[in-house]
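Architecture and fold: a report
Okay, here's what each chain looks like letter by letter:
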Amino acid sequence: MFRAASEGGDAYAAFNLAQLVDDPAESLRLFEIAAREGIVAAGAVLADRLSALDRDEEALGWYVWAAERGHTGAMNAAACWCRDGIGTTPDLIQAVSWFFVMLARGDGDGIHEAIRLAKAGALDEEEIREAGRLARAPGSAEALISTVLGSRRT
């Protein structure tokens, strides 16, 4: 039934079928169809599958795609990958930006990483502010600066 519905253009059927088929290439194709039709979770799962195949640049692209559409798990993956330079060159500003976006969405799982980076001196105040600007969360940037870097200023 999923196959018939998928062939009829049902994106959710494509997403469900992608999780059931044994052929990895078909699974990737179906996840991409579902994602391109707007199933955000399909983009995140597609990124996971591409990552497992060491297709890191493609995977990061799909993590960012899903993150931009509100998937907090993909935000965390994009942040960690930007931090570590997986599929891209390391970009700590972008990483902290994604951690701020996660926090704004009610998911604080990544903020400890932003704190760790700030405590280690990996970003200066202006870089943290830039991350806050990118995340549309200047208050988070100022809070991080005040909390972590404030004691260094005195």
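Our structure is the block above this text.
Predicted, not measured: the structure shown is a model, and the values here were computed from it. (Residues numbered from 1 in each chain as written. Predicted model: local features only at pLDDT ≥ 70, side-chain atom pairs only at ≥ 80, totals over all residues. Heavy atoms only, no water.)

Spanning 13 residues, helix H6 (residues 72-84) covers 18 Å between terminal C-alpha atoms, matching the ideal 18 Å at 1.5 Å per step. Along H6, the residues classified as buried are Ala-74, Met-75, Ala-77, Ala-78, Ala-79, Cys-80, Trp-81, Cys-82 and Arg-83. Where H6 terminates, the next one or two residues include Gly-85, which has phi positive at roughly 75°. (Helix = DSSP H or I, 4+ residues; strand = E, 2+ residues; numbered from the N terminus. Expected span 1.5 Å × (residues − 1). Buried < 20%, exposed > 50% of the residue type's maximum accessible area, 1.4 Å probe, protein only.)

Pairs may arise between side chains of opposite charge once their charged atoms sit close together. The tally for this structure, following the rule as stated, stands at 12 salt bridges. Note that Glu-26 and Arg-29 form a salt bridge whose closest N and O atoms lie 4.0 Å from each other. One end of the pair, Glu-26, and the other, Arg-29, are both in helix H3 (residues 24-36), three residues apart, so they sit about a helical turn from each other. With its nearest N and O atoms 2.8 Å apart, the salt bridge here joins Glu-32 to Arg-36. You can see Glu-32 and its partner Arg-36 sitting in helix H3, four residues apart, about one turn around the helix. Here the salt bridges do not stand alone but share partners, grouping Arg-83, Asp-84, Glu-113 and Arg-116 into one network. (Salt bridge = Lys/Arg side-chain N within 4 Å of Asp/Glu carboxyl O.)

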